Structures are given as structure tokens and as C-alpha cells.
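Analysis of the macromolecular model
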Amino acid sequence: MFDVRTVESGACCDQERDSGDSAMSMTARRRRAFQRQACLLSVLAAFSLGLALGVFVPLIGISQAATKGAIVVDGQGSSQVMEPQPTLQTLHHPAHQMPHFPTIDDIRSDDGPRGRYASVSFIAEEKLGADGEVIFHPKLDPDSLIDRKLPSPAASIVEQMLAGSAKVPSAPVLERRESRASKLEELSREDVEGVIRDGIFWGASVERALPVGFDRRQSESWARYLREAEVERLEIGCGRMQNRLLVFRDGTRACARYRQNTDQIQGELFSFYLGQLLNLTNLAPSAASIIDPEARLWAAATEELAGAQWKPTKPVVITKWIGNLEPAGIPHPFRPLERHLNRFDVRNITEGLDRPRDGVRRLLLDRLGTARDIPAGTGATPSATGPLPSQPPTPEVLERLVELAQWSDLIVFDYLIANLDRVVNNLYNFQWNADIMAAPAHNLARQTDSALLVFLDNESGLLHGYRLLKKYEAYHGLLLDNLCVFRRSTVQALEALRDASVGQRLNALFERTTTAQIRDVLPPLPEKSVKILVDRIDRVLGQVQKCRETFAISR
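Here the structure is a predicted model, which means the values were calculated and not measured.

With that settled, consider the overall build of the chain. In terms of regular secondary structure, the chain is built from 20 helices and 12 strands. For the chain, the proportion of its 555 residues judged to be buried stands at 46%. A sequence separation of at least 24 residues applies to 77% of the contacts in the chain between residues at least 6 apart. Accessible area for the chain stands at about 28300 Å²; split by element, carbon and sulfur atoms hold 55% of it.

The share of residues in the chain with pLDDT of 70 or more is 63%, and the mean pLDDT across the chain is 76. Contacts of residues 4-8 to residues separated by more than four positions or lying in other chains number one contact, the stretch itself having pLDDT below 50. Here residues 357-387 is a poorly scored stretch, pLDDT under 50, and it has 43 contacts once near neighbours within four places are set aside; other chains count.

So, on to the side chain of Asn458. Turning to its location among the elements, Asn458 is positioned in the loop between strand E12 (453-455) and helix H15 (464-467). A relative accessible area of 2% means that Asn458 is categorised as buried. Side-chain polar atoms of Asn458 contact the side chain of Arg422, separated by 2.6 Å. The residues touching Asn458, leaving out its near neighbours within four places in the chain, are Gly267, Glu268, Ser271, Leu283, Phe413, Ile417, Asn419 and Arg422.

This next bit is on the sheet that holds strand E10 (residues 325-329). Note on sheets: strands pair through backbone hydrogen bonds, and any given pair is parallel or antiparallel. In spatial order, the strands read E10-E11-E12; together these three strands make up an open sheet with antiparallel pairing. The outermost strands of the open sheet, each flanked by one partner alone, are E10 and E12. Within the sheet, the average angular offset between the axes of one strand and its neighbour, ignoring direction, is 50°. Here strand E11 (residues 440-447) pairs with E12 via three bridges, running antiparallel. Counted as the bridge partner of Leu444 is Phe455 from E12. Packed onto the sheet, helix H13 (residues 395-417) meets E10, E11 and E12 and runs at close to 10° relative to E12.

Parameters at a glance
Residues numbered from 1 in each chain as written. Predicted model: local features only at pLDDT ≥ 70, side-chain atom pairs only at ≥ 80, totals over all residues. Heavy atoms only, no water. Helix = DSSP H or I, 4+ residues; strand = E, 2+ residues; numbered from the N terminus. Buried < 20%, exposed > 50% of the residue type's maximum accessible area, 1.4 Å probe, protein only. Contact = heavy atoms within 4.5 Å. Areas by Shrake-Rupley, 256 points an atom, 1.4 Å probe, with all protein chains shown as cover. pLDDT = per-residue confidence, 0-100. Polar contact = N/O pair within 3.5 Å; in protein donor to acceptor, adjacent residues only side chain to side chain. Pairing = 2+ DSSP bridges. Axes fitted to C-alpha atoms, helices over the stretch in contact; angles between N-to-C directions.

Following this line, the structure appears as C-alpha cells:
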């Protein structure tokens, strides 16, 4: 007999079981949902913490390292705050007499006297006209230039030349290198007046040790050679895709710069002319030419001209190939945040006190000497008031000073032409890569046998760089504002250009070194560029005057 109670009892049990299972499944789902949310929050928290540690902590550490001393734990477990190590600024000069040397932080600061680096007001806006801004893409230096065996079509001209020079030095190169070493040793033994004259100029010992470089006679010889030479073939190379490596019938090589517009052709050519007016010997001989398949220069390479897609009647700049090159780095005085070069910095180098430990020892000796030998209240140390020592530098020190003397010319030259693609490239990329100042300088190389710095690829000068002054002037002025040692010949040339018309002299060189055919397609330097150049010459001479007032030795 069917028992209804049994059925009802079974149904109740099934309902209770179903409700229990439902409650358990809801609890499990809630638990899993909570676990997923907790896992997601943990991942987000870890990501935020990692981002904070990776971004803000290094910035804080850099700032503290530049402004504060370090906490050092000694062997007995006690800690003490160490004084900041003396910089080149503090070793030989009272701090209250030193001017402020601008840093990259000044560019980002809007407060106080440093605010002038936050915006550019030196070049009047109306002088720039309404030209559209050309975007500048800074290029990081390659990891290795010496190891490159075959030139890459995308490599810059200086990388091409470095790749061509990355070989075992030949016997003549080694002989010239040994000859230079013996010359430096001989100069170091001479009885010289010192390495600095009048507090702001490189002395006779440094001037005599400078490499010869490329003088005006070599440049004129190169221009005459191109009028008689014949190009045998064009090869891919020398930087950008449209450039070509020219090989002449006699084996001579050169780099030809080709552009669709004339701005960068003008920039390269007139920057070279300006270097000649400043008596700089660091620029490779260059000359302008016209693509003319019927001309003697190009007649044997018409197929390569077509393959390169070079259009007839277009101007090119042909630069002599320079061999035996190696990468050139930025000297140590210009690498740290507090970068500067003045006569006290040069003294530290000549006395070997630019190393931290020696600097600390000398600083303590100077303080003891001040208390013992100098009357109270004078605020000067023996080393801060006297002229530089007259003893000649060692060959190693003289080599460093020769490099710095060439860099003083480089800083002035790049400021005048507003070159974007050399040291400004390193300064601009410093905000992302704090080690960029230790990398090779872009478009700068050193001849291995003569230690000559070669200023390559100046096409952004005088036109393209002037368009971007509003954006990059702060970087242009950063090194100039920290430079207080100059070559006297460079300053004298600048003073002559200020008294004469620099525009007329540049265009006179242009007229004398080019043909009517070239001048039909390549215009002279625009008047607005000449006005900006005049302003920048005054700016450099103003820096020279400021250095005279600060560092000149009273007689």
C-alpha cells in the first residue's frame, strides 16, 4: 500500500537537500568572487608600488645625491653624515664668490633667478617669422660604434667614418701617434707661462699642443680637387638613406649630402663657412656641387645617380672622408649636474685634484692654511687668489687640456649655429637616461693619430636649429653659461665678426667658392638667420665679459 507520509517525507528531504546545496553553492560563488577581487586588488597594489619605486625613488635619490651628503656607517657600527665631496667649484674658490652654474634642473624650474630657463626670451619672436616648426626627434647614441663592421645605410656620417676606421691601426698611423706622444712630452718639459692666460684664455702650452686640423688651405685644395675630379661610383652609406659615399677614380672617398629641400644643405655649407671665419680647424673640408649628369664630375656615374633617385640640378654638399676615427665622449667636467669649466677647474686638473680623494685632502689643507696664513675677514684662500702655477703639466694632463680646449671651441660653435644634433642630443635625452652623458657625443669623433676632434654633420645649424630655438634654447645655453675658458683666437674672431657684417662675410665666401650654376639653385643665408647669428655672437661675447669680471686675474 502506497504510503503518502513516506512520499511527503522524501519530498521534504529532497527540498531540504536542494536548499542546502543552493546555499552552499551561493557561499562558494561568493567566496570565489571575493578571492578574485582580492587577487585583483593585490595585483593593482603591487603594480602601483613597483611604479612608485621605479620612478619616484630614483628621482629622489638623484636629487639627494646632488644636494646632500651621504650617511656612512663606520666599522664600529656608528653612522655619521659626511660632507658632500668637494666639486671643481669648491676646491679653489670661496663659494660666496662663485656664480651660479646652471643645471638641467634650472630648465625645469619656474621659480627665482633660474626661471629664465623655463622659457626662451633671448631670440625675439618676430625675428623667427611664421615658419612652421619642424619636429626634432632626438637620436640615442648606438651602443657600440667600433664593433660595427659594415656601415649601415641608416647610420650617421660620423658612424660611417667610425665604422671605416675600426681596423687595426696601420704603421703610418701608429708612427703619427707615437710622434704626437713625443711632441706632448717635449712640450710638457718646456718652461711655459702656464695653461691659462689672463684668467679666461688657454695658455701657450695648450695652444702649441693643439692638433693642426684642416686649415683654410686644405679647404681650398679640396674645392679645387672637386672641379677636376671624376666620380667613379656611388655607394650606399654616409648616414641618411639619400646620402651616398662617393668613390673617385683615384680612390679618394667623400660623403655627399642630398636633401629634397635646401635648408639642410645651406645649414651644412654655411656652418662650414662660419667655422672658417672663426679659424676652427675641426670641420672636414666641404664644398657644394650640382647634380649634372653631363658635368665631368658626374658623367661616369649616371646610372648610380638614377639608382639613388638624385634629381638633376639639385645641390649637394661633398665632404672629404676622414679616416682613423674613434668615438669621442663628453669630458668629465661637463658630465655631472654641476658642470662647469673655469680657471680653478683647470688648476684642479693640472694638480691632479679633480679626483675626489685628492680633492678632500686639498680642501682640508686649504682650510688649515686659511686659518694660519690669511688675515681674518679676507674671505680668500691662498689657492683662490693667486695665478695658476707656472710648472708645466705632464703629457697626460696636457692631453686632457687639449681635449678641453677643443671642447671650448665646440661649445661656442654649436651655440652660434644652434646645432641640435650633437651635445644637445645628450642633454635632451638626459631626462630619460641619466647615463647618456657618459655615452659618446653624437656626430663627434676623434682622430686616433692626432687627437683632433672632428665636428661632423652640422646640417641643423643656422636654419633648422634656429626654427626650434623657442623649444631648445635652454639646452643650447646650458653649456655656454658654464664655460669660462676660451681660445683667444676664437674670441678675437668673434669680436671681428661683431665689428664687421658677418652676413656679408659669409655670403662673400659663398660667392667666392661656388659657381653661378650652384647659386642659381642654392640661395644665400637668409637675412633673418643672419640677425639671429648676430644676436648669438653678442651673447657669446657677453659670456666672455662675464667670465672676465668673475675670473680674470688682476695685475
